[in-house]
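Structural overview for review
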Amino acid sequence: MFYGKHYDHRNELVAGLLTGWPDDQTYSEAAAWAAFCFQSFPMRRLPFREKTQMNRPTILTGDRTTGPLHIGHYAGSLANRLRYQDSHEQFLLLADTQALTDNAHDPDKVRRSVVEVALDYLAVGIDPCRTTICLQSHLPALAELSMLYLNFVTVARLERNPTIKDEIRLRGFGRDIPAGFLCYPAAQAADITAFKATVVPVGEDQAPLIEQTNEIVRRINAISGCSALPEARAIIPKAGRLPGIDGKAKMSKSGGNAITLSASSEEIRNAVRAMFTDPNHLRVEDPGCIEGNVVFTYLDAFDQDQDGLAELKAQYQRGGLGDSKIKARLEAILQELIAPIRERRAQLSDDRGYILNVIKEGTERARERTESTRRDVVSALGLFRL
Ligand code: ATP
Ligand code: MG
């Protein structure tokens, strides 16, 4: 009854193994089938957590649900998240309420992107058995902590935050800044502290937000006279902030200047061809400039052969190396990086039920954790108890 393509029945199968095999099949037949399933569909293992994770440092990080993830995310945060799956207890937040702070006019996009971002996580190799994927809007403790934290930060301090300043400028808000947007550093502090996270792997643009989180933590700890909340440390990759394919300071989902992790091979080719190099490098024999040359910035981030790359850079600076050669090298590297992610993503997207289940189970686990911190903070602040 479990043979053929009906591998979706593995939940029942494992339940059967645990409760005593109910029908006419033998235990060894069932065990053989289970082994086959886990070998053939390793990314579909049932989400359960190993007890050994309990004493590891906690990571909280995540992404706004504003669209599919891009290679900037890969270099900026996903690669680190993959690295820490075993050594840390890791929570990834699908930040849909934060996405609304500058997308209130398009809640549809925010809702649709929840599954897109979760798909990207699973496609790059985030394993729901080792990492908890959870949905921000379904964790009410985060909203309550945000409200409390807003009392420990001033409007002037929020306006001075370099990340917020940059993002306000990029989005062209002028003085028409949505209040939720200006205040999102307090909400981000709520996200990080609700999990009592001490490690936050993020892109370089997010560092001031971690600093602001720690300021709030220090204030609450000082007022309560106890260490109710731990401070957090950002882990920022060497690659720093990946620029957009248009040469703008940051590749971003909202900027329309990204190569997504689901890009087709043609999209990758076209994006690399259109990339900004050195506008004064007109002929192959002209000396070229490396600084501000997007192709070299991407090669710095993704080329494994850094010695070969150093030679290439020297040759480009001397003259005698055409843009088409460096673009071909970059294209090959990106095609190789993205192809397996794209394939896994396509396979996974056929089973929406599985993705929803991963998010649901992760959110339930996260609810327990965040609720417990909410109680700690309320009690540390000495609010009236009924
Ligand atoms: P949006 O345009 O909606 O703000 P985004 O592309 O900036 O989307 P976020 O969800 O805001 O992505 O960022 C999630 C994480 O990815 C953050 O840790 C951020 O630092 C990192 N990140 C985003 N873009 C880049 C980039 N171009 N280079 C390096 N890291 C990045
Ligand atoms: Mg952003």
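See above for the structure.
What counts and what doesn't
- Residues numbered from 1 in each chain as written.
- Chains lettered and ligands numbered in written order.
- Predicted model: local features only at pLDDT ≥ 70, side-chain atom pairs only at ≥ 80, totals over all residues.
- Heavy atoms only, no water.
- Bend = angle between axes of the 7 residues up to and from the residue.
- Helix = DSSP H or I, 4+ residues; strand = E, 2+ residues; numbered from the N terminus.
- Buried < 20%, exposed > 50% of the residue type's maximum accessible area, 1.4 Å probe, protein only.
- Near = heavy atom within 4 Å.
- Polar contact = N/O pair within 3.5 Å; in protein donor to acceptor, adjacent residues only side chain to side chain.
- Nonpolar A, V, L, I, M, F, W, Y, C, P; charged D, E, K, R; others polar.
- Contact = heavy atoms within 4.5 Å.
- Salt bridge = Lys/Arg side-chain N within 4 Å of Asp/Glu carboxyl O.

**Section: helix α3 (residues 71-83)**
The largest bend in α3 is about 45°, located at serine 77. With 11 of 13 residues buried, α3 lies mostly within the body of the structure. Inspection of α3 places Ile71, Gly72, His73, Tyr74, Ala75, Gly76, Ser77, Leu78, Ala79, Asn80 and Arg81 among the buried residues, and these make up the whole buried set.

**Here we look at the site of ligand 1**
Inspection of the region around ligand 1 gives 22 residues, with Thr66, Asp205, Lys250, Lys253 and Ser254 positioned closest. Taking serine 252, its side chain carries an N or O atom lying 3.1 Å from an oxygen atom of ligand 1. Contacts to ligand 1 include lysine 253, whose side-chain N or O atom sits 2.8 Å from an oxygen atom. Breaking the shell around ligand 1 down by element, the ones donating at least two residues are β1 (58-64) and α3. If you tally residues by element for the shell around ligand 1, the top one is α3, at four residues. Here the residues of the shell around ligand 1 sort into three nonpolar, 12 polar and seven charged.

**Here's the deal with the side chain of glutamine 188**
Mapped onto the secondary structure, glutamine 188 falls in helix α10 (residues 184-194). Note on glutamine 188: relative accessible area 10%, which makes it buried. Here the side chain of glutamine 188 touches glutamine 98 through a polar contact of 2.9 Å, side chain to side chain. Once you skip the residues sitting within four places of it in the chain, glutamine 188 turns out to touch Gln98, Gln206, Leu209 and Thr213.

**Things to note about the pattern of salt bridges**
Under the definition given, this model contains 25 salt bridges. In this structure, the salt-bridge partner of arginine 218 is glutamate 211, at a minimum N-O distance of 3.4 Å. As a salt-bridge pair, glutamate 371 and arginine 374 come within 2.8 Å of each other at their nearest N and O atoms. Pair noted here: glutamate 371 and arginine 374 are both in helix α16 (residues 352-380), with a separation of three residues, about one helical turn. With relative accessibility at 17%, the residue arginine 374 sits in the buried group. A cluster of three or more residues bridged by salt bridges with shared partners is formed by Glu144, Glu371, Arg374 and Arg375.

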